[in-house]
Amino acid sequence: MSLEELQGLLPGKVDLSESERARHGKDEGYPEARPVLAVVYPEGVEDIQKALDWARKVGVAVIPYGAGTSLEGHLYPVREAISLDLSRMDRILEVHPEDFYCVVEPGLTRKRLNEALKGTGLFFPVDPGADASLGGMAATNASGTTTVRYGGMRQNVLALQVVLANGEVLELGRPVRKTSAGYDLKDLFIGSEGTLGIITRLTLKLHPLPAHVLTLRAFFPGVEEAVRASLGVMALGGGVARLELLDELALKALNRHLGAGFPERPALFLEFHSPTREALEAEGALAEEVLREAGAFALETARTEEERRAQWEARHQAYWALVHLFPGHRFMITDVAVPLSRLPEAVRFAQRLLSELGLTGNILGHVGDGNFHTLVPVLPEDYPRAEAFAERLVEKALALGGTCTAEHGVGLRKRKYLGKEHGPALEWMRRLKALLDPEGLLNPGKVV
């Protein structure tokens, strides 16, 4: 079968243009790119089954594509492949406010979902920063700034519909808060990065909008003081909903990129949610006391909804602000997570290692989750040094009882660490992959 035959099977849904083939052969963080053979835009399960049937017959791989915002080489084709772009499957199928869930197609983005939920008093909380597709977010088990309170995708997906490599359709999970019925196959597909099946429908947990919100910024003399302050805030319990670390380089970049006017010192950006104003004020007062005792020399409160939005938009723009601060550079972006008590040691190690290797680097963190990111800008010829930094940082995180990737996923870049992290369990992951995708059709070469 030729690509023309694929076009005949799916008229108006196959793009062979050079630009689209190139765009779908890369993601935002991996340094290599390779055009796919074709881009298929399915509009339903039947289209996906047709594309998979064609791919099986000709021996071509299939890589599901959401919004292209992944960072670890998830979309790079290691062999000839077609890209299955799910952006046309972007409908909200059902909303059940009384049961706190909705049913959506995988190409819908999180921002569009929350826009559509206005007026219901509910929202979908998982916030990775990028306006990623919900199917892609499930495929990578995305999380982000609100995970400390609401959890990531695994905690907020109630049910999935998936299509296996052989075209079979599975319904996994139920639209209920708890079930003990059988093996949890749903969670097997969350975080599988398109290697086990293609997500075609999601049932998502919704949450009440917070009645009262307090947003703070606290500035510290050093990163380690800020990290230790975050541990004190976590020890308070209660309604902390966001707890983010930004170092001085990130704030410098944001001031230049957005004209933000932040003090250029390490900072914690915090947000608290509460059903009552009294509880919120009490929690805010306790948090301010903890922050000052930990060394905060300045505390600022976002007074209006506009200021709150601007603060979190700045946090989400930190990556692009840093990219613009270093034109002509390549960027090594990595993330790790460690137990909360080991976070100061891990951050201290990262700072010392950057200095030791003669690198400029940035540290951003969802520190309430023990998760931090480093972005290292280098000229192309210095990229191996940035890779050496990332490798040693991962090794340190694993030695501290942590993980090689908290939310970016494995893709191609983090595969080499899975054996050390999972031991013999990795071989069972490979057996599951072979069972569900015996021909290695789905996103081959990734994860395992």
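Above this note sits the structure.
So, a few notes on the structure that sits alongside this text. No experiment lies behind these values; they were computed from the predicted model shown.

Quick notes on the rules
- Residues numbered from 1 in each chain as written.
- Predicted model: local features only at pLDDT ≥ 70, side-chain atom pairs only at ≥ 80, totals over all residues.
- Heavy atoms only, no water.
- Helix = DSSP H or I, 4+ residues; strand = E, 2+ residues; numbered from the N terminus.
- Rg over C-alpha atoms; globule rule 2.2 N^0.38 Å.
- Buried < 20%, exposed > 50% of the residue type's maximum accessible area, 1.4 Å probe, protein only.
- Areas by Shrake-Rupley, 256 points an atom, 1.4 Å probe, with all protein chains shown as cover.
- Lys, Arg positive; Asp, Glu negative; His and termini not counted.
- Charge placed at Lys NZ, Arg CZ, Asp CG, Glu CD.
- Pairing = 2+ DSSP bridges.
- Axes fitted to C-alpha atoms, helices over the stretch in contact; angles between N-to-C directions.
- Contact = heavy atoms within 4.5 Å.
- Expected span 1.5 Å × (residues − 1).
- Arc of directions from axis to C-beta.
- Core = buried A, V, L, I, M, F, W, Y, C linked by side-chain atoms within 4.5 Å.
- Salt bridge = Lys/Arg side-chain N within 4 Å of Asp/Glu carboxyl O.

1. Some points on the overall build of the chain
Helix and strand counts for the chain come out as 16 helices and 18 strands. In summary, the chain has a C-alpha radius of gyration of 22 Å against a globular reference of 22 Å for 448 residues, a match within 12%. Its C-alpha atoms put the chain at 70 × 55 × 45 Å along the principal axes. A buried classification covers 55% of the 448 residues belonging to the chain. Looking at the chain as shown, the accessible area adds up to about 18500 Å², and 51% of this sits on carbon and sulfur atoms. Of the side-chain charges in the chain, 51 are positive and 60 negative, and the distance between the mean point of each set is 2 Å.

2. A few points about the sheet that holds strand β9 (residues 169–173)
Sheet strands pair via backbone hydrogen bonds, and the direction of the pair is either parallel or antiparallel. If you trace the 5 strands from one edge of the open sheet to the other, you get β5-β6-β10-β8-β9, paired in antiparallel fashion. In this open sheet, the two edge strands, each paired with only one partner strand, are β5 (92–96) and β9. Geometrically, the sheet is characterised by an average inter-axis angle of 10° between neighbouring strands, direction not taken into account. Running over the sheet, helix α3 (residues 45–58) touches β8 (157–163), β9 and β10 (198–205) and is turned about 45° from β8.

3. Describing helix α9 (residues 223–235)
Side chains three or four residues apart in an α-helix point the same way, a direct result of the helix having 3.6 residues per turn. Given a rise of 1.5 Å per residue, 13 residues ought to cover 18 Å, and the 19 Å separating the end C-alpha atoms of α9 matches this to within 8%. Here α9 has its buried residues at V223, A226, V227, A229, S230 and V233. Along the axis of α9, the buried positions cluster into a sector of 160°, meaning they face one direction only. Contacts made by the buried residues of α9 are with β13 (240–246), α10 (248–258), β14 (267–274), α11 (277–293) and α13 (343–356).

4. Remarks on the nonpolar core
L268, L270, F272, L291, F372 and F389 are the most contacted members of the largest nonpolar core, which has 53 residues in total. Broken down by element, the residue count for this core peaks at 8 residues, all from helix α14 (residues 383–399). Formed by 29 residues, the second largest nonpolar core is a distinct cluster that contains L122, A138, V157 and F189.

5. Examining the pattern of salt bridges
Inspection of the entire model under this criterion finds 32 salt bridges. Residues R413 and E72 are paired through a salt bridge, measuring 3.4 Å at the closest nitrogen-oxygen approach. Separated by 341 residues along the polypeptide, R413 in the loop between α14 and α15 (418–422) and E72 in the loop between β3 (61–65) and β4 (81–85) bring together distant segments of the chain. Assessed through its relative accessible area of 12%, R413 is described here as buried. Of the charged contacts in the structure, one is a salt bridge between E300 and R217, with a shortest N-O distance of 2.8 Å.

6. Concerning the sheet that holds strand β12 (residues 212–219)
The strand order β15-β12-β14-β13-β17-β18-β16 describes an open sheet built from 7 strands, whose pairing is antiparallel. Unpaired on one side and paired on the other, β15 (298–301) and β16 (330–337) mark the two borders of the sheet. Going from strand to strand, the sheet's axes swing by 15° on average, the running direction of each strand aside. Across 8 bridges, β12 lies against β14 in antiparallel orientation. Paired with L214 across the two strands is F272, which belongs to β14. Strands β13 and β14 of the sheet are contacted by α9, whose axis makes an angle of about 170° with β13.

7. Observations concerning the environment of Y30
Along the chain, the position of Y30 falls in the loop between α2 (18–23) and β2 (38–40). Sequence separation of Y30 and T374 is 344 residues, and the distance between their C-alpha atoms is 14 Å. Once you skip the residues sitting within four places of it in the chain, Y30 turns out to touch L71, E72, G73, Y76, L412 and R413.

8. Regarding the pairing of β10
The two faces of a sheet get side chains in turn, since along a regular strand they alternate between them. Of all 8 residues in β10, 7 are buried; the element is thus mostly enclosed. Of the pairings in the sheet, the one linking strand β6 (residues 101–104) to β10 comprises 4 bridges and is antiparallel in character. Bridge pairing in β10 places V104 opposite L202. Note that β8 and β10 share 6 bridges and pair antiparallel. When the bridges of β10 are listed, L160 appears paired with L202.

These results come straight from atomic positions and should not be treated as a statement about function.
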